[in-house]
Amino acid sequence: KLKSRARAKAHRRRYRSVRRLIAAQNFCAWRSAPKKSVSDDLRSGPFLPDGPRATAATMTTQPHAIDSPEVLRVRCEWDRFERGDAIPCLDSDAEIVNLYFEPWFQDAGAEFLRDHTGGDLIVEYARFVEVLGELVGDIGPCLANTPDKVLRQLGVAADLVLKEFLPREQKRPPPTILRLRNATPETPLAALRSDVVDRLVSIRATVTRVGPVKPLVTEASFSCAQCFLGASDPQFAMRMRFRRGEYRAPSRCDGGDCKSRKFDLLRDTAKTVDVQKIRVQQQLDDAKTLDDDAGRIPRSLDVECVGTGLVDKCAPGDVVVVAGIVRVVNAAVAAGRKDRRALQQATSVMYLAANSIVNASREAEAGSSQQKSEYDCQEEEDDQEERALVEGVCRHEDPLSLIVASFAPRIYGHELVKLGLLLGLFGGTDERAAVSDDADADGSAKRRRENDAAKE
């Protein structure tokens, strides 16, 4: 055990020395290479529609894009995200952060970082796209087509700006996650198909089910079950990140000659985040829904809410506007199966990874007093219109036929059935039956029956 641990330490020491030597050589090459001005890069940026589009292949050929200090500082912030999503930090991503998004947050985008101390950064989608569009043009299609990449770039740029104003002894805040409120355009649930997978969409629906809040493990350390690497000292344990909640153990041991494939989970080293699953349903009062999906069961969709800022935001019956990224998962795995045959199935189930949730029902209830007074005035006008309509029906020459014809107009004929349903809806209680019930309540009817029986 001691020999294997010593070999592992020596291996790591040699690896660090080689990496330092390579970094020093790359830094010297970067210092000696010619530099381009920022204005030239801005005029031919990858987001501008007029200039030539820069690709990852062309950017990686530059000497400063290998292990330069600019790239290293971006990658250090890139790896701080706890979700463990497999989004590699390419050299093009580092260049976009350094040349575009970080200067923008320092200048025009500083209004969005006001009073921000890390974590969720909630912004209005329309205002954010308008201000950012002054620098990079129309950012909307980029956000819709590659939301994971663009949101990560923006979050890393915001963290780099915040890092400059924090003292060194202060603990680093959690990484910035951009939350886009009221994203447009809103996509109906009927339009969610395979062409929108991994794209940013916004839906408006009614909540039908809300699950409990559970902890989701995003990172954990493992110790080897054979050579016990990391069992006594978690610093030498193997750290693993779970992508989208998928549990994944190490493939092999890092302890030198040890080739074990059995590992023990160190539960004390796990990092967790709150997660909640809700189910939303198509709105029935939508005119377009009634015309296109008449006679169908309303469509429903599962929404995954990860993070403290997204859980417990709604209750069943609330109308919500959810902006998120469409994901797919194996249908058998979603049903709870984990065997090999289940993993070989190609059928997938679609769900929405929420980026922001706006509870439209609660915001409507929390309106200002002026809006409430205007709503009351409008309600009084509606009452007067309904009263005039009822009076017009009363003055009709045959009001019964008019009411029967107005009931269920989509169903042709069946006047007697409609009349029976209407009589059941507008029926009342017989006055004589009500009087007898009141008498029975007093007990007089019971005493009368007892006297009659006694006489007989």
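Criteria and thresholds
- Residues numbered from 1 in each chain as written.
- Predicted model: local features only at pLDDT ≥ 70, side-chain atom pairs only at ≥ 80, totals over all residues.
- Heavy atoms only, no water.
- Helix = DSSP H or I, 4+ residues; strand = E, 2+ residues; numbered from the N terminus.
- Buried < 20%, exposed > 50% of the residue type's maximum accessible area, 1.4 Å probe, protein only.
- Polar contact = N/O pair within 3.5 Å; in protein donor to acceptor, adjacent residues only side chain to side chain.
- Patch = residues over 30% accessible without salt bridge, like charges linked within 9 Å, V, L, I, M, F, W, Y side chains within 5 Å.
- Areas by Shrake-Rupley, 256 points an atom, 1.4 Å probe, with all protein chains shown as cover.
- Salt bridge = Lys/Arg side-chain N within 4 Å of Asp/Glu carboxyl O.
- Lys, Arg positive; Asp, Glu negative; His and termini not counted.
- Charge placed at Lys NZ, Arg CZ, Asp CG, Glu CD.
- Core = buried A, V, L, I, M, F, W, Y, C linked by side-chain atoms within 4.5 Å.
- Contact = heavy atoms within 4.5 Å.
- Axes fitted to C-alpha atoms, helices over the stretch in contact; angles between N-to-C directions.
- Parallel < 35°, antiparallel > 145°, perpendicular 65-115°, else oblique.
- Nonpolar A, V, L, I, M, F, W, Y, C, P; charged D, E, K, R; others polar.
- Pairing = 2+ DSSP bridges.

Caption draft 1: Structural view of the side chain of Gln153. Summarising the element assignment, Gln153 is placed in helix α8 (residues 147–164). Look at Gln153 and you get buried, because its relative accessible area is 2%. Within the structure, the side chain of Gln153 is placed 2.9 Å from the side chain of Asp93, a separation counted as a polar contact.

Caption draft 2: Seen up close, a negative patch on the surface. Together, Glu380, Glu381, Asp383, Glu385 and Glu386 line one region of the surface with negative charge. With respect to the helices, strands and loops of the structure, Glu386 is situated in helix α13 (residues 369–394).

Caption draft 3: Highlighting the nonpolar core. In terms of nonpolar packing, the biggest core is built from 41 residues, with Phe128 and Leu180 touching the most fellow members. Of all the secondary-structure elements, those providing two or more residues to this core are α4 (69–78), α5 (91–106), β1 (120–124), α6 (125–136), α7 (140–145), α8, β2 (177–181) and β8 (319–330). Each residue touching Phe128, except ones within four places of it in the same chain, is listed here: Trp104, Phe112, Val123, Leu154, Leu178 and Leu180.

Caption draft 4: Expanded view of a nonpolar patch on the surface. Where nonpolar side chains cluster on the molecular surface, the patch consists of Ile403, Leu425 and Phe426 and spans about 340 Å² of accessible area. Along the chain, Phe426 falls in the loop between α15 (415–425) and α16 (431–442).

Caption draft 5: Region of interest: unusual backbone geometry. The step from Thr184 to Pro185 runs through a cis peptide bond, and the omega angle for that step is -5 degrees. Looking at where Pro185 falls in the secondary structure, it is placed in the loop between β2 and β3 (200–210). Unlike most non-glycine residues, Asp115 shows phi in positive territory, near 65 degrees. Looking at the secondary structure, you find Asp115 in the loop between α5 and β1. Residue class for Asp115 comes out exposed when judged on its relative accessible area of 77%. At Asn182, a residue that is not glycine, the phi angle is positive and equals roughly 55 degrees. Tracing the chain through its elements places Asn182 in the loop between β2 and β3.

Caption draft 6: Looking closely at the packing of α4 against α5. At a minimum axis distance of 9 Å, the contact between α4 and α5 shows a crossing angle of 95 degrees. With respect to their mutual orientation, α4 and α5 come out roughly perpendicular. Counting all contacts with α4, which are made through Glu70, Val71, Arg73, Val74, Arg75 and Trp78, the residues of α5 involved are Asp91, Asp93, Ala94, Val97, Asn98 and Glu102. Residue classes in the contact of α4 with α5 are distributed as five nonpolar, one polar and six charged.

Caption draft 7: The arrangement of the side chain of Asp318 in detail. Along the chain, Asp318 falls in the loop between β7 (300–306) and β8. A polar contact is formed between the side chain of Asp318 and the side chain of Asn359, at a distance of 3.2 Å. Excluding anything up to four places from it in sequence, Asp318 contacts Ala205, Thr206, Val207, Asn359, Ser361 and Arg362.

Caption draft 8: Local environment of the pattern of salt bridges. For the coordinates displayed, the defined rule picks out 15 salt bridges. As a salt-bridge pair, Arg181 and Glu124 come within 3.0 Å of each other at their nearest N and O atoms. You can see Arg181 sitting in strand β2 and its partner Glu124 sitting in strand β1, a full 57 residues away along the chain. Take Glu124: its relative accessible area is 36%, and that puts it in the partly exposed class. Glu219 is the salt-bridge partner of Arg241, the closest N and O atoms lying 3.7 Å from each other. Here Arg241 is found in strand β5 (residues 238–241), whereas its partner Glu219 is found in strand β4 (residues 214–224), with 22 residues between them in sequence.

Caption draft 9: Here's a closer look at the pairing of strand β6 (residues 263–281). Note that β3 and β6 share four bridges and pair antiparallel. Bridge pairing links Thr206 to Gln281 in β6. Pairing of β4 with β6, which is carried by nine bridges, proceeds in the antiparallel orientation. Across the sheet, residue Ser223 finds its bridge partner in β6, namely Asp264. Pairing of β6 with β7 involves seven bridges; the strand directions are antiparallel. Note that in β7 the partner of Arg279 across the bridge is Asp302.

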